[in-house]
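Each chain is listed here by its residues.
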Amino acid sequence: MPVPELLVKNLKVSFSTSKKELIAVRGISYQLNQGEILALVGESGCGKTVSALSILRLIQEPPGKIVSGEIIFAGKDLLKLKKKELQGLRGKDIAMIFQDPMTSLNPVLTIGEQIIETLLRHTSLSRKKAREKSFRLLEQVEIPSPLQKLDQYPHQLSGGMRQRAMIAIALSCSPRILIADEPTTALDVLIQAQILSLLKKIKKDTQMSILLITHDLGVVAEVAGRVMVMYAGEIVESGSVNDLFRSPLHPYTIGLMESIPTLESTQQKLSKLKEISGTVPSLSQVPFGCPFHPRCPTAETRCKTDKPKFKEISKTHSVNCWLH
Ligand code: SF4
C-alpha cells in the first residue's frame, strides 16, 4: 500500500499583470508516495514548473500568488508555515535541483564549500566532519577524483559533473523529497542517461520520493513509476508508466506519444512524425470547456462549453476527458 509523503490538494496559482490575473495552475491535486519517482509531464507553459516551485513557496510574490489549496508534508500545510519554518525545511527535508546547475551553484565558492555550507546550516556537524561528509557525497554521486573536485569551482566542471554536484548538495541533508526540474534537459544524451540512472540508484538506496518535472516522455519511461500529464494548468491524465505508455486515454497524451520520434520515423521521413496541431493556449486565452478542445481531433460539441471531470478508469489510471 503506497504511503503518501506529500499531498497537494486543489492548488491554484496565479500571476497578476497590469490588466488582469492570469491563472497558471488551476486547482491540481495529487500525492507523491514514499520511495517513488513521480513524473509531471507537459509542454512548456503548461504550469508544471510553477506547481513544483509552489511546494517550497519559491514563486516570486508578486506577481505570483498561491491563491488557494493545501500542500501537506509531515502533517503540516506548507502554505501556512511561517517563513522561518519553511526556510528550515528547504534543502533539509525537501530539496530541489534545476535544469541549469550554473544558475543555482555559486560561481565564487568551491563545490566543497557549497556542500559544507548546506551541512553547517541544517546539521550540527563540525566543519571537519562536514568536509568529510562532502567527500562521501561526491563519491555517492559518482564524481571521479572527489577529493580534487571538492576544491574546484563550478566553471572548472563539465555540465554533467555540475549536475552531479547539485545532486550532492541536494542529498547532503538526506531529504525525504527531491524535486528535480528538467534535470537532464541541458545535457547530452549519454550524460542524461548517467544522471537518470543515478537518480534511480538514489531512490533505490534511500527510499527518497522524487518529483520529476520533464517535457520528455523518454525520460519518463526511463525512470518514473507514475506519471501525471499536465495541460493548460490542469492534470489531464495520471497513471502508472505502464498505463500511460500501453493505453493512453486523453487525446493530448495520445498526441504526445505519437510525436515521439521512433527509429522507423527517423529512418523514413521526418514528415511522417505526427504533431499536435496548434499551440498551448496563453494564460490570458484559455478556452472555455475543455481547454484542449481547439487542438483535439476528437472534440465534441459539449467539449467547447462544459468542463470534463476527472474520472477514475482503474485504481491506477484516471483521465479528464468527456470521451471516458
Ligand atoms: Fe478532446 Fe473533448 Fe476530451 Fe477535451 S474533453 S480532450 S476536447 S474529447
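Before reading on, note that the structure itself is shown above.
Residues numbered from 1 in each chain as written. Predicted model: local features only at pLDDT ≥ 70, side-chain atom pairs only at ≥ 80, totals over all residues. Heavy atoms only, no water.

**Some points on the environment of Lys 307**
Along the chain, the position of Lys 307 falls in the loop between α12 (263-267) and β11 (311-312). You can call Lys 307 partly exposed: its relative accessible area is 44%. It is 8.4 Å that separates the C-alpha atoms of Lys 307 and Trp 322, two residues lying 15 residues apart in sequence. Excluding residues within four positions of it along the chain, Lys 307 makes contact with Glu 234, Gly 289, Cys 290, Pro 291 and Trp 322. A distance of 2.4 Å separates a polar atom in the side chain of Lys 307 from a polar atom in the side chain of Glu 234. (Helix = DSSP H or I, 4+ residues; strand = E, 2+ residues; numbered from the N terminus. Buried < 20%, exposed > 50% of the residue type's maximum accessible area, 1.4 Å probe, protein only. Contact = heavy atoms within 4.5 Å. Polar contact = N/O pair within 3.5 Å; in protein donor to acceptor, adjacent residues only side chain to side chain.)

**Regarding the packing of helix α4 (residues 111-122) against helix α5 (residues 127-140)**
Running from N to C, α4 and α5 point in directions that differ by 120 degrees, and their axes come no closer than 9 Å. Considering the angle they form, α4 stands oblique to α5. For the pair α4 and α5, the sense of crossing is right-handed. Two secondary-structure elements touch here, α4 through Ile 111, Gly 112, Glu 113, Ile 115, Ile 116, Leu 119 and Leu 120 and α5 through Arg 127, Ala 130, Arg 131, Lys 133, Ser 134, Leu 137 and Leu 138. Of the residues assigned to the contact of α4 with α5, the class counts are eight nonpolar, two polar and four charged. (Axes fitted to C-alpha atoms, helices over the stretch in contact; angles between N-to-C directions. Parallel < 35°, antiparallel > 145°, perpendicular 65-115°, else oblique. Left-handed = near helix turned anticlockwise from the far one by under 90°. Nonpolar A, V, L, I, M, F, W, Y, C, P; charged D, E, K, R; others polar.)

**Looking at the sheet that holds strand β2 (residues 21-33)**
Judged by pairing direction, the sheet is antiparallel, and its four strands sit side by side in the order β2-β1-β4-β5 without closing on themselves. Edge strands, defined here as strands with exactly one partner in the open sheet, are β2 and β5 (76-77). Bridging between strand β4 (residues 64-73) and β5 involves two bridges; their strand directions are antiparallel. Each residue of the ladder has a partner; that of Phe 73, found in β5, is Lys 76. (Pairing = 2+ DSSP bridges.)

**Regarding the nonpolar core**
Counting residues in each nonpolar core, the largest one holds 57 residues, and the members touching the most others are Ile 115, Ile 167, Leu 178, Val 220 and Tyr 252. In contact with Leu 178, not counting residues within four places along its chain, are Ala 95, Met 96, Ile 97, Ala 170, Leu 199, Met 208, Ser 209, Ile 210 and Leu 211. Counting 34 residues, the second largest nonpolar core, distinct from the first, contains Ile 28, Ala 52, Leu 89 and Leu 211. (Core = buried A, V, L, I, M, F, W, Y, C linked by side-chain atoms within 4.5 Å.)

**Comments concerning the packing of helix α7 (residues 159-171) against helix α8 (residues 189-206)**
Between α7 and α8, the least distance of the axes is 10 Å, while the angle of their chain directions is 15 degrees. Of the possible angle classes, the one that applies to α7 and α8 is roughly parallel. Crossing handedness for the pair α7 and α8: right-handed. Counting all contacts with α7, which are made through Gly 160, Gln 163, Arg 164, Ile 167 and Leu 171, the residues of α8 involved are Ile 191, Gln 194, Ile 195, Leu 198, Leu 199 and Ile 202. Residue composition of the contact of α7 with α8, grouped by class: seven nonpolar, three polar and one charged.

**With respect to unusual backbone geometry**
Of note, the bond from Glu 61 into Pro 62 is cis; its omega dihedral lies within 30 degrees of zero at -20 degrees. Among the structural elements, Pro 62 can be located in the loop between α1 (48-55) and β4. Cis geometry marks the peptide bond from Pro 62 to Pro 63, where omega comes out at 10 degrees. Tracing the backbone through its elements, the reader meets Pro 63 in the loop between α1 and β4. Despite not being glycine, Glu 142 shows a phi value in the positive range, around 60 degrees. Relative to the assigned elements, Glu 142 resides in the loop between α5 and α6 (146-150). At Ser 174, a position not held by glycine, the phi torsion is positive, near 50 degrees. Inspection of the secondary structure puts Ser 174 in the loop between α7 and β7 (177-181). A relative accessible area of 52% means that Ser 174 is categorised as exposed.

**With respect to the sheet that holds strand β6 (residues 94-97)**
Pairing in this open sheet of eight strands is mixed, and the strands run β6-β7-β8-β3-β9-β10-β12-β11 from one edge to the other. Whereas interior strands pair on both sides, the edge strands pair on one side only; in this sheet they are β6 and β11. Bridge analysis of strand β3 (residues 37-41) against strand β8 (residues 209-214) gives five bridges, and the strand direction is parallel. Within β8, the residue paired with Ala 39 across the bridge is Leu 212. Of the strands in this sheet, β6 and β7 are in contact with α7, which crosses β6 at around 170 degrees. The strands touched by α8 within the sheet are β3, β7 and β8, with β3 carrying the most contacts at an inclination of about 140 degrees.

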